[in-house]
Amino acid sequence: YVTSPVEQIDFKSTSGQHTMTWDVASSTAGTITPTATTRDAIYTVTALAENTVIVFDDEGHAAYAPIYVNLAALSVAPSSASITTTGATPEPTRRFTAAGGTAPYSWSAFDQGLGAVTASGTNNINGDYVPTAGLASGYTNTQYVIVVDSRGVTAQATITQKRP
């Protein structure tokens, strides 16, 4: 995993025949510089992006090494909230905000009978939760607001939803 531009990673070829040739899938994400023996090479990050280092021996055999970007973990703020519903329309809205992960985000409610989430903001960074109107009085339920980033990583917040 890479975490910053100009970071360097050493690669070593431990098998293969004779002279090695090194390459990268994306020269905009990083560069690879072989050593004098060509058995080793240094990958230099030029942009925080995934990439693949490829090494070939002179018989055409290839090996591939993926380069991943280490991003901040996906989270939701607030991580928990309480909503007291009125039974009328419109019900109170609670905003949740994604942090970390990889944008854009998508939002959903675990129990859609209790409420729904609408995405808003740049890259859908916000999830606006609206309880379902007209639910019977005297209940307390636990609801989950779920955010998913573009890599499929999920995070959730818990809502205690009450109707007096």
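Here the structure is a predicted model, which is why all the values come from computation and not from measurement. In every chain, residue numbers begin from 1 and rise along the written sequence. A pLDDT threshold of at least 70 governs which residues receive local features in this predicted model, and a stricter bar of 80 or more applies before side-chain atom pairs are shown or counted, although totals over entire chains, interfaces and linings include all residues. The side-chain numbers reported here are obtained from all heavy atoms of the structure, hydrogens and water having been left aside.

## With respect to the environment of T102
Stage number 1. Going along the chain from the N terminus, every DSSP run of H or I of four or more residues is numbered as a helix, and every run of E of two or more is numbered as a strand. Its place among the elements puts T102 in the loop between β9 (94–99) and β10 (106–109).
Stage number 2. In sequence terms T102 and V130 are 28 residues apart; their C-alpha atoms lie 25 Å from each other.
Stage number 3. Here a residue-residue contact requires only that any non-hydrogen atoms of the pair lie within 4.5 Å. Discounting residues that sit within four places of it in the chain, T102 has contacts with L71, D149, S150 and R151.

## Here we look at the confidence of the model for the protein
Stage number 1. When pLDDT is averaged along the protein, the result is 89, and 98% of the positions lie at 70 or above.
Stage number 2. Of all helices and strands in the protein, the one with the weakest mean pLDDT is strand β1 (residues 8–12) (92), whereas β10 scores best (97). What pLDDT conveys is the predictor's confidence in a given residue, as a value from 0 to 100.

## What to know about the environment of K12
Stage number 1. Residue position: K12 is located in strand β1.
Stage number 2. The exposed category is assigned to K12, whose relative accessible area is 61%.
Stage number 3. Sequence separation of K12 and T38 is 26 residues, and the distance between their C-alpha atoms is 9.1 Å.
Stage number 4. Every residue in contact with K12, bar those within four places of it in the chain, is listed here: W22, R39 and D40. Burial classes: relative accessible area under 20% of the type maximum marks a residue as buried, over 50% as exposed, and values in between as partly exposed (1.4 Å probe, protein chains only).

## Focus on the packing of aromatic side chains
Stage number 1. Any pair of Phe, Tyr and Trp rings, taking the six-membered ring for Trp, is counted once the centres come within 6.5 Å. Such a pair is stacked with planes under 30 degrees apart, edge-to-face with planes over 60 apart, and tilted for the rest. Going through the model one piece at a time under the given rule, you end up with two aromatic pairs.
Stage number 2. Consider the rings of F11 and W22, whose centres lie 6.4 Å apart with planes at 50 degrees: the pair is tilted. Residue F11 is located in strand β1, and its partner W22 is located in strand β2 (residues 20–24); the two are separated by eleven residues in the primary sequence.
Stage number 3. Relative to Y144, the ring of F110 lies with its centre 5.9 Å away and its plane at 85 degrees, an arrangement referred to as edge-to-face. Taken as a pair, F110 in the loop between β10 and β11 (115–120) and Y144 in strand β13 (residues 139–148) lie far apart in primary sequence, 34 residues in all.

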